[in-house]
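Structure at a glance
Below are the chains, spelled out letter by letter.
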Amino acid sequence: IRWLTGSTLLRLNSSFIVRDYHVAPLLVMTRLCRNLLLHFCYHYKNLYFCSMKLPIIAYGDPVLRRKATDIMPQEYPHIKQFAEDMFETMYAARGVGLAAPQVGHSTRLFVVDASPFADDEPELKDFKKVFINACIEEESGEEWPFNEGCLSIPDIREDVYRKPTVRISYYDENWKHHEETYSGM
């Protein structure tokens, strides 16, 4: 970046700014460089960037260790747009699930689109949901391994042991309360 623009690249609140005394003639080049950074996947400090709506926070960032807080409807009037941005980010990173802390928001929200598993389990064909303030009410069955990855730890996969049946309560993006039981993947 310095070679192309003669500027210094700074990180500020998960976005990039350019500091230069001669910014005006370099404005177009600066935007081009910023767009290239966001288009191609780069690791910069604790952020993992791809061409997506929201930056995915990488392993090691304190937001991933912090206990997420409940979401209240009046605090998030644009929750539907935020959930859509999370879906777009998840798809760009080729994931099937994404939690709000992974995009820098320490709130109890996650999105899931399990349709890639529809070949193995046909009932997952149209499984695309937003889970707000989810709470595990009950788990049952014998734990079994499933090889999973995490978008905050790119290119690492490991067997995760879970019970096959779980009953959870949650709110959807329309603030409708649900209590549902899921089995399998």
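The present account deals with the structure reproduced in this document. (Residues numbered from 1 in each chain as written. Predicted model: local features only at pLDDT ≥ 70, side-chain atom pairs only at ≥ 80, totals over all residues. Heavy atoms only, no water.)

1. Considerations on the pattern of salt bridges
Once the charged atoms of two side chains with opposite charge are near each other, the side chains can pair. In the structure shown here, the tally under the stated rule is five salt bridges. For K129, the salt bridge goes to E180, with nearest N and O atoms at 3.0 Å. Of this pair, K129 sits in strand β8 (residues 128-140) while E180 sits in strand β12 (residues 177-183), placing them 51 residues apart in sequence. Notably, a salt bridge pairs E148 with R162, separated by 3.1 Å at the nearest N-O pair. Residue E148 is found in strand β9 (residues 144-150), and its partner R162 is found in strand β10 (residues 153-162); the two are separated by 14 residues along the sequence. Using a relative accessible area of 24% as the deciding quantity, one classes E148 as partly exposed. We classify R162 as partly exposed; its relative accessible area is 45%. The network of salt bridges with common partners includes E138, R167 and E179. (Salt bridge = Lys/Arg side-chain N within 4 Å of Asp/Glu carboxyl O. Helix = DSSP H or I, 4+ residues; strand = E, 2+ residues; numbered from the N terminus. Buried < 20%, exposed > 50% of the residue type's maximum accessible area, 1.4 Å probe, protein only.)

2. Observations regarding the nonpolar core
Ranked by internal contacts, the top residues of the largest apolar core, which has 18 residues, are F82, M86, L98, L109, V111 and V130. Elements that contribute at least two residues to this core include exactly α3 (79-92), β7 (109-113) and β8. Among the elements that line this core, the one with the most residues is α3, at six residues. Contact partners of V111, with chain neighbours within four places excluded, come to A83, M86, F87, M90, V96, G97, L98, K129 and V130. (Core = buried A, V, L, I, M, F, W, Y, C linked by side-chain atoms within 4.5 Å. Contact = heavy atoms within 4.5 Å.)

3. With respect to the environment of F127
Its location among the elements puts F127 in the loop between β7 and β8. Looking at F127, the relative accessible area reads 15%, which means it is buried. Considered as a pair, F127 and V112 are 15 residues apart in the sequence and their alpha carbons are 7.7 Å apart. If we ignore the near neighbours within four places in the chain, the residues touching F127 are V112, D113, A114, S115 and Y182.

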